[in-house]
Amino acid sequence: MTPRITLAVAARVLRQLRRDRRTSAMLLAVPCVLITLLWWMFRDLPADRFDQFGPGLLAMFPFIVMFLVTSVTTLRERSSGTLERLLSMPLGKGDFLGGYAVAFGLVAVLQSVLAVGISVGLLGLEVQGPVWLLTVVAVVDALLGTALGLLVSAFARTEFQAVQFMPAVVIPQILLCGLFVPRAALPDVLGAVSDVLPLSYAMDAMSTLVRTSDTAEVWSDLAAVLAFTMAGLLLGAATLRRRTP
Amino acid sequence: MPADAVDVAALTVVRGGRPVLTDLDLRVPAGQVTGLLGPSGCGKSTLLRSIVGVQRIGSGRVTVLDHPAGSRALRRSVGYVTQAASVYDDLSVGENLRFFARVLDVADAEVGRVLEVVDLSDRRDQVVGALSGGQRSRVSLAVALLGSPPLLVLDEPTVGLDPVLRATLWSLFHDLADAGTTVLVSSHVMDEAERCDRLLLMREGAIIADDTPGAIKERAGVDDVESAFLALVADAEGPR
């Protein structure tokens, strides 16, 4: 990896995003609108359900959005020939993946600061732990989405297929992450599956932060999400071949 | 500078279970414009990809500028233009070139130079997606020229260009060759053959002629390369 090249890739990805005003606006606005919608839905219910579901949504948005954006953009690089051209140049695979991770990580910071800010500042989400750590968890979730998006883009031939990976890879994780049924209450087999899905750890970190100011568990969950992210990036790197059939 | 910029020996490439190139041998002399001509689907792109080192090959040996094709030492030395434009449609011409210049670690001043060469200086701030097909492929060519690599591998760079521009590009290729660059250009348009110093005629994954345009025509006893191509094919299939 060469820092100059990694940063050049990151700057280029960000410039492309900035050119695409509609995508940038949606990346930042949609999570805020949805979290507000969730708050509104629960507004007339007796128990404070927003505190129960809000953190999960904060963990999910950056993950889903970055998964989609990354899988489509990387697929575009593969099919337009720009990836092949880059790999015939002095660019390391790590530069390519790292560049994307840096660029989307920055977008995730912005997105999460906005969503967390609105949830805590305007909508009254009660957070016992430090609010900045909530943002850190959201950013790591975004990186996880980026890593998995890069990985699945290798298995998609068209943008249609890439988008289909969303329900296939993301929705099972949403169902099993503990948002609908506490993970401990899942049937044994599903509980075991849930234990090996990265979003479960992201979700655990978020709900722990909301529930208690003790951050030890948050850090270990965060480490688990980071480990999945690294594994995703490494597997993704293995799918970037300088020579193709 | 080696006498041959590219040396292909016993190259076999199989794609999708079908042999595309079988036991191919050829050399590309340094400092000349070599044309790789043949109908579309004959294996030109696969051969060029093998020379650039992005094609997975079955067997054989491809040596480029004294290194195995695709090796790390060659990543700054081979300029490659694919048939697809291979540039970012959502960035401006200048942004595309500055990005690739940074990856190649060449000075930003190179950007102005290569844009001048492909005659796109006035389009620098225009988004690539808004350009015509011909202009886009010239942006792609400009990227390949960054840092003046000693070998240029160009896959049908003149397709769809207007005749004036095509003539300009061919004279550019000769200027580059005069300055020592090896230029390997593919085309399926036979009338472009006359513009090459040397020709490789290709059909169904095999090289059927490898000589100067003059010598190829003389041997076939005809006045143009297209007729020579037909004569060569007829010869090969004659005994049947």
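Residues numbered from 1 in each chain as written. Chains lettered and ligands numbered in written order. Predicted model: local features only at pLDDT ≥ 70, side-chain atom pairs only at ≥ 80, totals over all residues. Heavy atoms only, no water.

The helix and strand tally for chain A stands at 10 helices and 0 strands. When the elements of chain A are put in sequence order from the N terminus, they spell out α-α-α-α-α-α-α-α-α-α. In terms of overall size, chain A behaves like a compact globule, its C-alpha atoms giving a radius of gyration of 18 Å where 245 residues would be expected to give roughly 18 Å. Overall, the C-alpha framework of chain A stretches about 60 × 40 × 35 Å when taken along its three principal axes. Looking at chain A as a whole, 51% of its 245 residues are labelled buried. By sequence separation, contacts in chain A at least 24 residues apart represent 77% of the contacts at least 6 residues apart. Only carbon and sulfur atoms are counted for the fraction: they give 68% of the accessible area of chain A, which is about 11100 Å². (Helix = DSSP H or I, 4+ residues; strand = E, 2+ residues; numbered from the N terminus. Rg over C-alpha atoms; globule rule 2.2 N^0.38 Å. Buried < 20%, exposed > 50% of the residue type's maximum accessible area, 1.4 Å probe, protein only. Contact = heavy atoms within 4.5 Å. Areas by Shrake-Rupley, 256 points an atom, 1.4 Å probe, with all protein chains shown as cover.)

Residues and elements named next belong to chain B. One open sheet holds the 4 strands; their spatial order is E2-E1-E4-E5, and the pairing between them is antiparallel. Here the strands that pair on one side only, and so sit at the sheet edges, are strand E2 (18–29) and strand E5 (67–68). Two strands pair when backbone bridges link them, and strand E1 (residues 4–15) and strand E4 (residues 59–64) are joined in this way by 5 bridges, in the antiparallel orientation. The partner of Val8 across the bridge, within E4, is Val62. (Pairing = 2+ DSSP bridges.)

Attention now moves to empty space enclosed by the protein. For the structure on display, the rule yields 3 cavities of 30 Å³ or more. Within this model, the largest cavity holds a volume of roughly 70 Å³. Leu87, Ser88 and Arg242 of chain A together with Val52, Gly53, Val54, Gly70, Ser71, Leu74, Arg75 and Val78 of chain B are the residues that line the largest cavity. Considered class by class, the residues forming the lining of the largest cavity number 5 nonpolar, 4 polar and 2 charged. (1 Å grid on protein atoms, 1.4 Å probe; cavity = no way out; pocket = protein on both sides within 12 Å on 5 of 7 lines; lining within 4 Å. Points joined across faces, edges and corners; volume = space filled by probe spheres on them. Nonpolar A, V, L, I, M, F, W, Y, C, P; charged D, E, K, R; others polar.)

An α-helix turns once every 3.6 residues. As a result, residues three or four positions apart point the same way. Residue and element names in this part refer to chain B. Its 16 residues place the ends of helix H5 (residues 163–178) 23 Å apart at the C-alpha level, agreeing with the 22 Å of an ideal helix rising 1.5 Å per residue. The set of residues buried in H5 consists of Leu165, Arg166, Leu169, Trp170, Leu172, Phe173, Leu176 and Ala177. In an axial view of H5, the angular spread of the buried residues amounts to 155 degrees, which keeps them on one side of the axis. Exposed positions of H5 whose direction lies more than 90 degrees from the buried face are Pro163, Val164 and Asp178. Residues of H5 that are buried sit in contact with strand E3 (33–37), helix H3 (109–117), helix H4 (133–145), strand E7 (151–155) and strand E8 (182–187). The N-capping residue of H5, defined by a side-chain oxygen 3.0 Å from the backbone nitrogen of Val164, is Asp162. Looking one or two residues beyond H5, the residue adopting positive phi is Gly180, at roughly 110 degrees. (Expected span 1.5 Å × (residues − 1). Arc of directions from axis to C-beta. Polar contact = N/O pair within 3.5 Å; in protein donor to acceptor, adjacent residues only side chain to side chain.)

A few words now on the layout of surface pockets. Space inside the largest pocket adds up to approximately 790 Å³. Among the secondary structure elements, those contributing two or more residues to the lining of the largest pocket are helix H3 (49–80) and helix H4 (82–87) of chain A together with helix H1 (44–52) of chain B. In terms of residues, the lining of the largest pocket owes the most to one element, H3 of chain A, which gives 4 residues. Each residue belonging to the lining of the largest pocket can be placed in one class, and the counts come to 9 nonpolar, 9 polar and 8 charged. Approximately 600 Å³ is the volume found for the second largest pocket. Looking at the second largest pocket, it is lined by 25 residues, and the ones nearest its centre are Asp20, Val72, Thr73 and Arg76 of chain A together with Asp90 of chain B.

Before going further, it helps to examine the pattern of salt bridges. Residues and elements named next belong to chain B. All told, the structure shown has 20 salt bridges over all chains when counted by the stated rule. For Lys44, the salt bridge is made with Glu156, and the minimal N-O distance between the two is 3.5 Å. Here Glu156 lies in the loop between E7 and H5 and Lys44 lies in helix H1, a separation of 112 residues in the sequence. We classify Lys44 as buried; its relative accessible area is 5%. On the accessibility criterion, Glu156 (11% relative accessible area) is buried. (Salt bridge = Lys/Arg side-chain N within 4 Å of Asp/Glu carboxyl O.)

What follows concerns the packing of H4 of chain B against H5 of chain B. Residues and elements named next belong to chain B. Two elements in contact, H4 and H5, have axes whose closest approach is 14 Å; the angle formed by their N-to-C orientations is 5 degrees. With respect to H5, the element H4 is oriented roughly parallel. Along the contact surface, H4 presents Arg138, Leu141 and Leu145, while H5 presents Leu165, Leu169, Leu172, Phe173 and Leu176. Class assignment for the residues of the contact of H4 with H5 results in 7 nonpolar, no polar and 1 charged. (Axes fitted to C-alpha atoms, helices over the stretch in contact; angles between N-to-C directions. Parallel < 35°, antiparallel > 145°, perpendicular 65-115°, else oblique.)

As a further point, take the pairing of E7 of chain B. All names here are of chain B. The element E7 is largely enclosed, with a buried count of 5 among its 5 residues. Residues Leu151, Val153 and Asp155 line one face of E7 and the alternating positions Leu152 and Leu154 line the opposite face, and both faces are buried. As defined by bridge partners, strand E6 (residues 78–81) adjoins E7 across 4 bridges and the pair is classed as parallel. If you follow Val81 over to E7, its bridge partner there is Leu154. As paired elements, E7 and E8 share 5 bridges and run parallel to each other. From the neighbouring strand, Leu152 faces E8, where its bridge partner is Val183.

Moving on to a nonpolar patch on the surface. Taken together, Met26, Val30, Leu34, Leu37, Trp40 and Met41 of chain A make up a surface patch of nonpolar side chains, about 620 Å² in accessible area. For Val30 of chain A, the location among the structural elements is in helix H2 (residues 21–41). (Patch = residues over 30% accessible without salt bridge, like charges linked within 9 Å, V, L, I, M, F, W, Y side chains within 5 Å.)

Residue and element names in this part refer to chain B. Predicted confidence across chain B gives a mean pLDDT of 90, with 98% of residues reaching 70 or more. Between the elements of chain B, mean pLDDT differs from a low of 84, seen in helix H7 (residues 225–237), to a high of 95, seen in helix H2 (residues 93–104). If you check the scores for this complex, the pTM reads 0.87 and the ipTM reads 0.87. (pLDDT = per-residue confidence, 0-100.)

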